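In case you want the letters, here they are:
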Amino acid sequence: MAAVAENRVVRRNGPGTKRADWNCWPPLAFEEMDSALNIQQYIQQTIKANPADVETILTPPLDQDEGVWKYEHLRQFCIELNGLALLLQRECVPETCQQMTATEQWIFLCAAHKNPNECPAIDYTRHTLDGAATLLNSNKYFPSRVNIKEISISKLGSVARRVYRIFSHAFFHHRKLFDEFENETHLCKRFTTYVSKYNLMQQEHLIVPILPNQQQQSTAQ
C-alpha cells in the first residue's frame, strides 16, 4: 500500500504551489482519464504539451463524438480569450476605441443590449465573453457535457462569429498586443483552423490573415 501511495500522481495544484510548478504533472493517456470532463482535460493537456501544434490539438481521440468535441473546444477558446482581453485593457479604452471595429468596412454591434447597439471595443469584448460563457454553461442548451443535442450544437456558430471579432479588432487596432499574445498561445491560428474545419464561419468573414493560404491571398491583394 505504501508503494502505491508513493507512486500516485496528484493532478491538482496545492496551496502554495510555485508558478514554475503549476500544472507540472506527467501526461495521462485519454483512456485513463476517468472523468465526465475528460475531453476538457485532454484538450488542455494537449495544448500544454505544445500550443503551436494546432493539428494535434484539434485531432479528436478515436470514436469521439464530434458535437462534444466542438463544444469543448469552443469553451476552451473562450477561457483562453480572457487572456487577450486582459492584455487589451492596456490600451483599448473607450476614449480611443469608441466602437468595436476591425477594418474600415467592419463595425460590429453588441448583442448584449436590449437592442443590438454600438459600444466601446473593450466593453464589447467583455460582453461577448460573458455572453458566450452564459450560453455555453446554460442548463437549457447544454445540460450535459457528455451528450449534446444537435439543436444545441447549432448555437456554436453564432458564438464563434462573435468571439472571432475580438481577434480581428486586436489584429487591426492593437497589432503589437495581438502578436505578443499570438506568439505565445497560437490561439487565433487554432481558432481559425477550428472554425474552418467544422464550417462554423464563412471564409470571407475570417479577415485576420493567420493561415498560410490567407497570408498568400493577402499578399496577392
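- Going by the annotation in an unreviewed UniProt entry, the name recorded for the protein is MOB-like protein phocein, with Caenorhabditis tropicalis given as the source organism.

1. Quick word on the UniProt feature "binding site: Zn(2+)" (unreviewed entry) in the protein
Then, in step 1: Cross-referencing UniProt, the feature "binding site: Zn(2+)" (unreviewed entry) maps to Cys92, Cys97, His169 and His174 in the present numbering. Maximum C-alpha separation among the annotated residues is 10.3 Å over a sequence range of 83 residues, consistent with a single clustered spot.
Then, in step 2: Looking at the element boundaries, Cys97 is found in the loop between helix 4 (66-88) and strand 1 (100-101).
Then, in step 3: Each residue touching Cys97, except ones within four places of it in the same chain, is listed here: Cys92, Pro120, Ala121, His169 and His174.
Then, in step 4: If near-sequence neighbours (up to four positions away) are discounted, His169 is found in contact with Cys92, Cys97, Gln99, Met100, Thr101, Ala121 and His174.

2. Here we look at the confidence of the model for the protein
Then, in step 1: Taken residue by residue, the protein gives an average pLDDT of 89. The fraction at 70 or more is 92%.
Then, in step 2: Contacts from residues 1-6, a stretch scored under 50 in pLDDT, to residues over four places away or in other chains number zero contacts.

3. So, the packing of aromatic side chains
Then, in step 1: Evaluation of the coordinates by the stated rule reveals 13 aromatic pairs.
Then, in step 2: For the ring pair Phe77 and Tyr194, a centre distance of 5.1 Å and an interplane angle of 50° mean the geometry is tilted. Note that Phe77 is positioned in helix 4 and Tyr194 in helix 9 (residues 187-197), a separation of 117 residues in sequence. Just as Phe77 is buried, Tyr194 falls in that class too.
Then, in step 3: Judged by centre distance (5.5 Å) and plane angle (50°), the rings of Phe167 and Phe191 are tilted. Here Phe191 lies in helix 9 and Phe167 lies in helix 7 (residues 156-173), a separation of 24 residues in the sequence.
Then, in step 4: Relative accessible area serves as the criterion here: at 0%, Phe167 is assigned to the buried category.

4. Here we look at the nonpolar core
In summary, soluble globular proteins display a tendency toward joint burial of nonpolar side chains.
Then, in step 1: Among the nonpolar cores identified, the biggest contains 62 residues, and Phe167 and Phe191 are the most heavily contacted of them.
Then, in step 2: Every element with two or more residues in this core is listed here: helix 2 (38-49), helix 3 (54-57), helix 4, helix 5 (121-136), helix 7, helix 8 (175-185) and helix 9.
Then, in step 3: Counting residues per element, this core draws most heavily on helix 4, at 11 residues.
Then, in step 4: Residues contacting Phe191, with those up to four places away along its chain left out, are Leu74, Phe77, Ala160, Val163, Tyr164, Phe167 and Met201.

5. Observations concerning the packing of helix 5 against helix 7
Then, in step 1: Two numbers describe how helix 5 lies on helix 7: the axes approach to 10 Å, and their chain directions differ by 155°. Relative to helix 7, helix 5 is oriented roughly antiparallel. Here the hand of the crossing between helix 5 and helix 7 comes out left-handed. Contacts between helix 5 and helix 7 involve Ala121, Tyr124, Thr125, Thr128, Leu129, Ala132, Leu135 and Leu136 on the former and, on the latter, Leu156, Val159, Arg162, Val163, Arg165, Ile166 and His169.
Then, in step 2: Partitioned by chemical class, the residues of the contact of helix 5 with helix 7 number 10 nonpolar, three polar and two charged.

What counts, and at which threshold
- Within each chain, residues carry numbers counting from 1 in the order of the written sequence.
- Whole-chain, interface and lining totals are the exception, using all residues; otherwise, since this is a predicted model, local features are given only for residues with pLDDT of at least 70 and side-chain atom pairs are given and counted only at 80 or more.
- Each side-chain value is worked out from all heavy atoms of the structure, with water and hydrogens disregarded.
- UniProt positions are given in the numbering used here, feature names are shortened, and annotations may be inferred rather than shown by experiment.
- What counts as a helix is a DSSP run of H or I of at least four residues, what counts as a strand is a run of E of at least two, and both are numbered from the N terminus.
- Contacts are assigned to residue pairs with any non-hydrogen atoms lying within 4.5 Å of each other.
- The pLDDT value expresses, per residue, how confident the predictor is, ranging between 0 and 100.
- Any Phe, Tyr or Trp ring, taking Trp's six-membered ring, that has another such ring centre within 6.5 Å forms a pair; planes under 30 degrees apart are called stacked, those over 60 apart edge-to-face, and the others tilted.
- Note on exposure labels: buried denotes an accessible area under 20% of the residue type's maximum, exposed denotes more than 50%, and partly exposed covers the range between, all computed with a 1.4 Å probe on protein chains only.
- What is meant by a nonpolar core is a set of buried Ala, Val, Leu, Ile, Met, Phe, Trp, Tyr and Cys residues, joined one to another through side-chain atoms within 4.5 Å.
- Axis definition: a line fitted to C-alpha atoms, limited for helices to the stretch in contact. Angles are taken between N-to-C directions and run from 0 to 180 degrees.
- Note that the term roughly parallel is reserved for angles under 35 degrees, roughly antiparallel for angles over 145, roughly perpendicular for angles of 65 to 115, and oblique for everything else.
- When the near helix sits turned anticlockwise from the far one by under a right angle, the crossing is termed left-handed; a clockwise turn instead gives a right-handed crossing.
- Each residue gets one label: Ala, Val, Leu, Ile, Met, Phe, Trp, Tyr, Cys and Pro are nonpolar, Asp, Glu, Lys and Arg are charged, and the others, such as Gly, are polar.

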